[in-house]
Amino acid sequence: MFERDIYHHYQLYCDGKRSISGYRYFVSGGEQYLVVPQKKITIDRIEEIVYFSDYLRYKGEKGIAGLFPTLSNLPNANIEGEPILLFKIEKSNRTASEKRPLGEELAAFHKNGRELPPPAASDSLLYGSWAVLWMNRVDQAKEWYREVFAKPVKTEFDQLFLTTFPYYEGLSENAIQYIIDYNMEDSIREEAGPSICHERFQENSWLQFDDDYIKLPTGWVLDHPVRDIAEWIRSCVYQKNFTPESITSFLDDYERVIPLKREGWRLLYGRLLYPVWYFDLLEKHYQNEREIGKELSQHKFTEYLLMEEQNEKFLRSFFPSIGLPADRLQIPIVDWLLPST
């Protein structure tokens, strides 16, 4: 069925079919292809994906997975009854010795992704709007809190939500105020402009084939580059085997290509304060009607809650642990996270 549908829509024969990072993958005529479920990716969003990809290729970025159209030149197709996007993998042909550390590769990606004229009326331009977006997410969570509180029968997830929300609401308000204060500063800022970034950049956001990073464009947005740095750091902090040295090494690699200015460090700290994972999982749970999805979000929710003490400890020691003199650079620290004396 899969092979027949692929041939019908793309006239490609499937060889070496397997799964890579949760995606179906196959080889045809010596070329490699990745099958990505379309899900909520709209046609407008697909046009943005192509626009971002073309720009990065023009700037010399390697390893971009390119959208492969159907025989009818459509961007998507129904494979086994589900709409999908097919991406052709472009390899950079770098040797193992030429492969850069992830931090360097990300900085080079951001460097190439600068100065892109934003698409008209685009929802992917998030630069400068963090505080508003975060306030909206907190307001939505407050509505769910009232609804869940009024429910006569509550699930385990409901109980965890009711218990933890006051803490995460307070943490969110700290982060929102921190960003508002930053935006209201009168001093002239040397701030980097928007670049192509990822919604949630993590270790597995780029697929690895041999010695290549393969960059799938489905989750790209336009935002401040520290968005990706913060989300990568966050994904590490909530791991059981987390070590601060991994953060320092990543930042050192990144700064070999793009040194962060004071403004960047402030935005990075402000984004780390905001518990983005908490609201991601709330939305995934309460907006999902499928029970299997609710079970998965509840499991992940519990995992993250258990790691919160580690995250708070990290936030307290963030600047000292990376050797950055926050006081000398006049980077404000949230009062309750100041190290105790």
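Just above, that's the structure.
All values reported here derive from a predicted model rather than from experimental measurement.

Undergrad: Help me understand the state of the cysteines, please; the structure alone is not making it clear to me.
TA: What makes a disulfide is a covalent bond joining the sulfur atoms belonging to two cysteines. Summed over all chains, the structure comprises zero disulfides. In this model Cys197 remains outside any disulfide bridge; the closest cysteine sulfur is found in Cys236, 17 Å from its own.

Undergrad: Is there a simple way to think about unusual backbone geometry in this case?
TA: Glycine aside, the phi torsion of most residues is negative, and most peptide linkages are trans. Of note, Lys39 is a non-glycine position whose phi angle comes to about 50 degrees, a positive value. Relative to the assigned elements, Lys39 resides in the loop between strand E3 (31-37) and helix H2 (43-58). Using a relative accessible area of 73% as the deciding quantity, one classes Lys39 as exposed.

Undergrad: Please clarify how helix H1 (residues 2-10) should be interpreted in this entry.
TA: Each α-helix turn comprises 3.6 residues. Residues three or four places apart therefore point the same way. For H1, the complete set of buried residues consists of Phe2, Asp5, Ile6 and Tyr10. Down the axis of H1, the sector holding all buried residues measures 100 degrees, keeping them to one side. Exposed residues pointing more than 90 degrees away from the buried face of H1 are listed as Arg4 and His8. Just beyond H1, the residue with positive phi is Gln11, at close to 55 degrees.

Undergrad: Mind showing me how you'd approach the packing of helix H4 (residues 130-150) against helix H9 (residues 276-286) here?
TA: Packing of H4 against H9 leaves a shortest axis separation of 11 Å and a crossing angle of 50 degrees. Of the possible angle classes, the one that applies to H4 and H9 is oblique. Where H4 crosses over H9, the handedness of that crossing is left-handed. The segment H4 lies against H9, with Arg137, Val138, Ala141, Trp144 and Val148 engaging Val276, Phe279, Asp280, Leu282, Glu283 and Tyr286. When the residues that make up the contact of H4 with H9 are grouped by side-chain class, the tally is eight nonpolar, no polar and three charged.

Undergrad: How should I be thinking about the packing of aromatic side chains in this particular structure?
TA: The relative placement of two aromatic rings is captured by the distance of their centres and the angle of their planes. For the structure shown, the criterion picks out 37 aromatic pairs. For the ring pair Phe201 and Trp206, a centre distance of 5.2 Å and an interplane angle of 70 degrees mean the geometry is edge-to-face. Just as Phe201 is buried, Trp206 falls in that class too. Here the aromatic rings of Tyr269 and Phe319 are separated by 5.2 Å at their centres, their planes lie at 40 degrees, and the arrangement is tilted. Taken as a pair, Tyr269 in helix H8 (residues 262-273) and Phe319 in helix H11 (residues 308-322) lie far apart in primary sequence, 50 residues in all. For Tyr269, a relative accessible area of 1% puts it in the buried group. The exposure class of Phe319 is buried, given its relative accessible area of 4%. The cationic tip of Lys215 hangs over the ring face of Trp206; the distance from NZ or CZ to the ring centre is 4.9 Å.

Undergrad: Explanation requested: the pattern of salt bridges in the structure shown.
TA: Oppositely charged side chains can pair when the atoms bearing their charge come close. The full count for this structure, using the stated rule, is 21 salt bridges. For Arg137, the salt bridge is made with Asp280, and the minimal N-O distance between the two is 2.6 Å. Of this pair, Arg137 sits in helix H4 while Asp280 sits in helix H9, and the two are 143 residues apart along the sequence. According to the relative accessible area criterion, Arg137 is buried, its value standing at 14%. Given a relative accessible area of 24%, Asp280 falls into the partly exposed group. Between Asp223 and Arg227 there is a salt bridge; the shortest N-O distance is 2.8 Å. Where salt bridges share partners, they join Glu61, Arg100, Glu105 and Lys215 into one cluster.

The rules behind these values
The residue count restarts for each chain, going from 1 along the sequence in the order it is written. Local features in this predicted model are restricted to residues whose pLDDT is 70 or higher, and side-chain atom pairs enter the listing and the counts only when it is 80 or higher, whereas totals over whole chains, interfaces and linings include all residues. Side-chain descriptors were evaluated using all non-hydrogen atoms of the structure, hydrogens and water having been removed beforehand. Note that a disulfide, as used here, is simply two cysteine sulfur atoms within 2.5 Å. Each helix is a run of H or I in the DSSP string that is no shorter than four residues. Each strand is a run of E no shorter than two, and both are numbered from the N terminus. Accessibility here uses a 1.4 Å probe with only protein chains present; expressed as a share of the type maximum, an area under 20% marks a residue as buried, one over 50% as exposed, and anything in between as partly exposed. Note that the arc is defined by the directions from the helix axis to the C-beta atoms. Lines fitted to the C-alpha atoms define the axes, with helices restricted to the stretch that makes contact. Angles between their N-to-C directions range from 0 to 180 degrees. For classification purposes, angles smaller than 35 degrees are called roughly parallel, those larger than 145 roughly antiparallel, those between 65 and 115 roughly perpendicular, and all remaining angles oblique. Each crossing gets its handedness from the near helix: less than a right angle anticlockwise from the far helix is left-handed, clockwise is right-handed. Any two residues whose heavy atoms approach within 4.5 Å at even a single point are treated as in contact. Asp, Glu, Lys and Arg are counted as charged, while Ala, Val, Leu, Ile, Met, Phe, Trp, Tyr, Cys and Pro are counted as nonpolar; the rest, among them Gly, fall into the polar class. Any Phe, Tyr or Trp ring, taking Trp's six-membered ring, that has another such ring centre within 6.5 Å forms a pair; planes under 30 degrees apart are called stacked, those over 60 apart edge-to-face, and the others tilted. By definition here, charges over rings are those cases where NZ of Lys or CZ of Arg is within 6 Å of the ring centre and within 35 degrees of the ring normal. Counted as salt bridges are all cases of a side-chain nitrogen of Lys or Arg within 4 Å of a carboxyl oxygen of Asp or Glu.

By themselves, these observations are geometric and do not establish any function.
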